[in-house]
Structure formats: structure tokens, C-alpha cells
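Listed below, chain by chain, are the residues.
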Amino acid sequence: MRSQEHGGRVADGSTPERFAGDLFLDLAAKGWLVVEPSEAARVITGLERTLEVVRSRAHRFEVSRRLRSAGGDDIDPDVDRLVVDAVFAEQVTAGSWEHALAELPKYIEAFRMAARNAPRHEP
């Protein structure tokens with residue numbers, strides 16, 4: 001059994017998952033996740049914006065890493081600062097950007113399915 005007591009750790013001592021894309025997909029596929037189409041559209045729009053931000057940050061990190069590798073010791077201070085900032089941000093997020101890149105599309109698809117699961121209202 002999982003418990004959120006003791007500083008956000010689960011009973012087995014590991015940290016809890018921050019994403020549940022597979023769960024959302026499973027619930028939506030079984031028809032257990034139902035969302036009004038207008039609400040789903042609002043959520044999907046937000047998720048798509050978030051996905052674009054994550055893609056941009058992941059891309060920035062990759063470009064920064066390549067610049068650092070290519071520049072060696074002869075790198076412009078402004079570029080060096082960008083590289084350091086990107087590397088630091090990636091370390092702080094501990095690989096969450098890559099995880100988010102995999103999980104956010106699952107959420108988006110789950111909410112599309114959930115909107116299709118909503119009962120149709122006849123006028």
C-alpha cells in the first residue's frame with residue numbers, strides 16, 4: 001500500500017511517480033475517465049502548451065550541451081553562461097523533461113478519449 005506520509009515517500013521507500021499517463025490512458029480506454037468535451041479541450045490546450053515548453057527546454061539543453069562540447073575551452077562567456085544555466089536546470093529537474101516528453105502526449109490522448117466517452121446531449 002502506498003502512503004504519502006514521511007516526506008512524500010511511498011511505503012517501499014521510493015519516491016512517488018509524478019506522472020500517470022498510462023493510468024489515464026487505461027481509464028479512458030475502459031470508459032472510466034469521462035470529461036465534457038469543452039473541459040477536455042481546455043485541458044488539452046494547456047497540456048499542449050506545456051508540452052511545447054518542455055520540448056523547447058529539452059531542445060535548449062541539447063543545443064547547449066553540443067555547444068559546450070564543440071567549443072571546448074574557447075567558448076564565448078555568454079554562450080558559456082547559457083550552457084551552465086541549461087545544465088543546471090536539467091540537473092535540478094533530474095531528467096523530468098525527458099519523462100514529461102514521454103508522458104504528456106499520453107495525457108493529451110487520454111483526455112481526447114475521455115471527451116469521446118462523455119454522453120452526447122440531445123437538444
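Residue positions are given per chain, counted from 1 along the sequence in the order it is written. Given that this is a predicted model, residues contribute local features only at a pLDDT of at least 70 and side-chain atom pairs are listed and counted only at 80 or more, while totals for whole chains, interfaces and linings are drawn from all residues. In computing side-chain values, all of the structure's heavy atoms are included and hydrogens and water are not.

K.L.:
When you look at helix α5 (residues 96–117) in this model, what are you seeing that I'm missing?
P.N.:
What sets the pattern is the α-helix's 3.6 residues per turn: residues three or four places apart point alike. For the purposes of this entry, the term helix denotes a DSSP run of H or I that reaches at least four residues, the term strand denotes a run of E that reaches at least two, and both are numbered from the N terminus. Helix span, expected: 1.5 Å multiplied by one less than the number of residues in the helix. Along its 22 residues, α5 runs 30 Å from first to last C-alpha, staying within 8% of the 32 Å computed at 1.5 Å per residue. By definition, a residue's bend is the angle between the axes fitted to the seven residues ending there and the seven starting there. A102 marks the point of greatest bend in α5, at about 30°, and the proline P105 comes within the next four residues. Between buried and exposed lies partly exposed: a residue is buried under 20% and exposed over 50% of the maximum accessible area for its type, with that area taken using a 1.4 Å probe on protein chains only. Turning to α5, its buried residues are S96, W97, A100, E103, L104, Y107, I108, A110, F111, M113, A114 and A115.

K.L.:
Can you help me understand the packing of helix α2 (residues 21–29) against α5 in this one?
P.N.:
Axes here mean lines fitted to C-alpha atoms, for a helix over just the part in contact, with angles spanning 0 to 180 degrees between N-to-C directions. Closest axis-to-axis distance for the α2/α5 pair is 8 Å, and the angle between their directions is 15°. Between α2 and α5, the angle falls in the class roughly parallel. Crossing geometry of α2 relative to α5 is assigned as left-handed. When α2 is examined against α5, the residues G21, D22, F24, L25, A28 and A29 are found in contact with a partner set consisting of E103, K106, Y107, E109, A110, F111, M113, A114 and N117. Among the residues making up the contact of α2 with α5, the classes are represented as nine nonpolar, two polar and four charged. Each angle gets one of four labels, with under 35 degrees taken as roughly parallel, over 145 as roughly antiparallel, 65 to 115 as roughly perpendicular, and the rest as oblique. Throughout, a crossing is termed right-handed when the near helix is turned clockwise from the far one, and left-handed when it is turned anticlockwise from it by less than a right angle. When checking whether two residues touch, look at their non-hydrogen atoms; a contact exists if any pair is within 4.5 Å. When residues are grouped by polarity, Ala, Val, Leu, Ile, Met, Phe, Trp, Tyr, Cys and Pro land in nonpolar, Asp, Glu, Lys and Arg in charged, and all others, Gly among them, in polar.

K.L.:
I keep staring at the packing of aromatic side chains and nothing clicks. Help me out?
P.N.:
We describe a pair of aromatic rings using the distance from one ring centre to the other and the angle between the two ring planes. Paired rings are identified among Phe, Tyr and Trp, the last through its six-membered ring, by centres lying within 6.5 Å, and are further divided according to the angle between planes into stacked (under 30 degrees), edge-to-face (over 60) and tilted (the rest). In total, this model carries two aromatic pairs according to the counting rule given. Centre to centre, the rings of F24 and F111 are 6.0 Å apart; their planes meet at 35°, and the pair counts as tilted. Taken together, the residues F24 in helix α2 and F111 in helix α5 connect sequence positions 87 residues apart. Chaining the aromatic ring pairs together yields one cluster made of F24, Y107 and F111.

K.L.:
Would you take a moment to explain the confidence of the model for the protein for this structure?
P.N.:
When pLDDT drops low, the exact placement of atoms in the prediction is not to be read closely. As a per-residue quantity, pLDDT reports the predictor's confidence and falls between 0 and 100. Put simply, the protein has an average pLDDT of 78, and 67% of its residues get 70 or more. Per-element averaging of pLDDT across the protein places helix α1 (residues 5–8) at the bottom with 38 and α2 at the top with 94. Long-range and interchain partners of residues 1–15, a stretch whose pLDDT sits below 50, account for 16 contacts in this model, where long-range means more than four residues apart.

K.L.:
Explain the pattern of salt bridges to me, please; I cannot follow it from the model alone.
P.N.:
A side chain of one charge can pair with a side chain of the opposite charge if their charged atoms are brought near each other. The working definition used for a salt bridge is a side-chain nitrogen of Lys or Arg within 4 Å of a carboxyl oxygen of Asp or Glu. Counted by the stated rule, this structure contains seven salt bridges. The closest approach of N and O atoms between D22 and K106, which form a salt bridge, is 3.0 Å. With D22 in helix α2 and K106 in helix α5, the pair connects residues that are 84 residues apart, well separated along the chain. Close ionic contact of D26 with K30 constitutes a salt bridge, the shortest N to O distance being 3.2 Å. By relative accessible area, D26 is classed as partly exposed at 34%.

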